[in-house]
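# Observations on the model geometry
Listed here are the chains, written in short residue letters.
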Amino acid sequence: NDDFIFTSSLASNIINTWVSNINFDLKNELLLPAFLQEVGKFVISQVIQEEKKTEEFLKELEETKDTSYCEEKFTGFTCARITANIFKHWNLSHNIIFPIAFAEDIENCPDSFKKKAQILHIVKILCDIRYPLSDKNVEKALEKVVLYNFDVEHFINSVDVIKGVIEHNS
């Protein structure tokens, strides 16, 4: 629970710091999806525990370093898909559901949600629950920043600011 709260808060901080300088309205639209995009982790965790596959899951996760792959292998669904389906069931807005659902499936994302999904994908990488803001995850996120044509310097500066605040508050 603490890790979820930390990474969800971190996701909000990234949106506030990075995206607010890209587009203020976009920042406002993405704060809630960024904060909530990992809700499905609770469902996945419960399923894996009930099936007594926690050790097997953690071993696979350590070997592959690919959380979404492991989630899908052990439950049949990624966190993004589960979260999006929960929100769809609750009749939440497509502005929340679609960016979350397509954050790891950008090529199939409707064009009107693509930029939001790309940003959530980058945030998801940075906020990996096991290694939030690790150097390796910052590198992976930076690759996506370049791929999606976001401003690299602004992204790096934003990550540095967030890391500085975390260091200062530790």
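Residues numbered from 1 in each chain as written. Predicted model: local features only at pLDDT ≥ 70, side-chain atom pairs only at ≥ 80, totals over all residues. Heavy atoms only, no water.

### Topic: empty space enclosed by the protein
The line we're drawing: Only protein atoms enter the calculation, which uses a 1 Å grid: trapped sets of points that fit a 1.4 Å probe without letting it out are cavities, open sets showing protein on both sides within 12 Å along at least five of seven lines are pockets, and any residue with an atom within 4 Å of a point is a lining residue. Grid points are joined across faces, edges and corners, and a volume is the space filled by probe spheres set on the points. Secondary structure elements are defined from DSSP: runs of H or I of at least 4 residues count as helices, runs of E of at least 2 residues count as strands, and each element is numbered from the N terminus. Amino acids outside the nonpolar list (Ala, Val, Leu, Ile, Met, Phe, Trp, Tyr, Cys, Pro) and the charged list (Asp, Glu, Lys, Arg) are all regarded as polar, and Gly is one of them.
Scanning all chains against the criterion turns up one cavity of 30 Å³ or more. In this structure, the largest cavity encloses a volume near 50 Å³. What lines the largest cavity is T7, S8, A11, A34, F35, Q37, E38, V123, K124 and C127. Within the residue set of the lining of the largest cavity, elements represented by two or more residues are α1 (2-18), α2 (24-36) and α8 (111-126). Broken down by element, the lining of the largest cavity gets its largest block of residues, three residues, from α1. Across the lining of the largest cavity, the residue classes tally to five nonpolar, three polar and two charged.

### Focus: the nonpolar core
The condition that has to hold: The definition of a nonpolar core used throughout is a set of buried Ala, Val, Leu, Ile, Met, Phe, Trp, Tyr and Cys residues joined through side-chain atoms within 4.5 Å. A simple rule labels every residue: compare its accessible area, found with a 1.4 Å probe on the protein chains alone, to the largest value its type can have, and call it buried under 20%, exposed over 50%, or partly exposed in between. We call two residues in contact when some of their heavy atoms are within 4.5 Å.
Of all hydrophobic cores here, the largest spans 49 residues; its most connected members are I14, W18, F87, I119, I122, L126 and F155. Counting residues per element, this core draws most heavily on α8, which supplies eight residues. The contacts of L126, once residues within four sequence positions are left out, are L10, I14, Y131, P132, L133, N137, V138, A141, F155 and V159.

### Let's talk about the pattern of salt bridges
Should the charged atoms of two oppositely charged side chains come close, the side chains can pair. Note the cut-off: One side-chain nitrogen of Lys or Arg within 4 Å of one carboxyl oxygen of Asp or Glu is enough to make a salt bridge.
Inspection of every chain in the model, using the stated rule, returns ten salt bridges. Of the charged contacts, one joins E71 and K41 as a salt bridge, the two residues approaching to 2.5 Å between their closest N and O atoms. Taken as a pair, E71 in helix α5 (residues 67-75) and K41 in helix α3 (residues 40-50) lie far apart in primary sequence, 30 residues in all. Of the residues examined, E71 reaches a relative accessible area of 2% and is grouped as buried. By sharing partners, the salt bridges in this structure join E38, K41, E71 and K124 into a single network.

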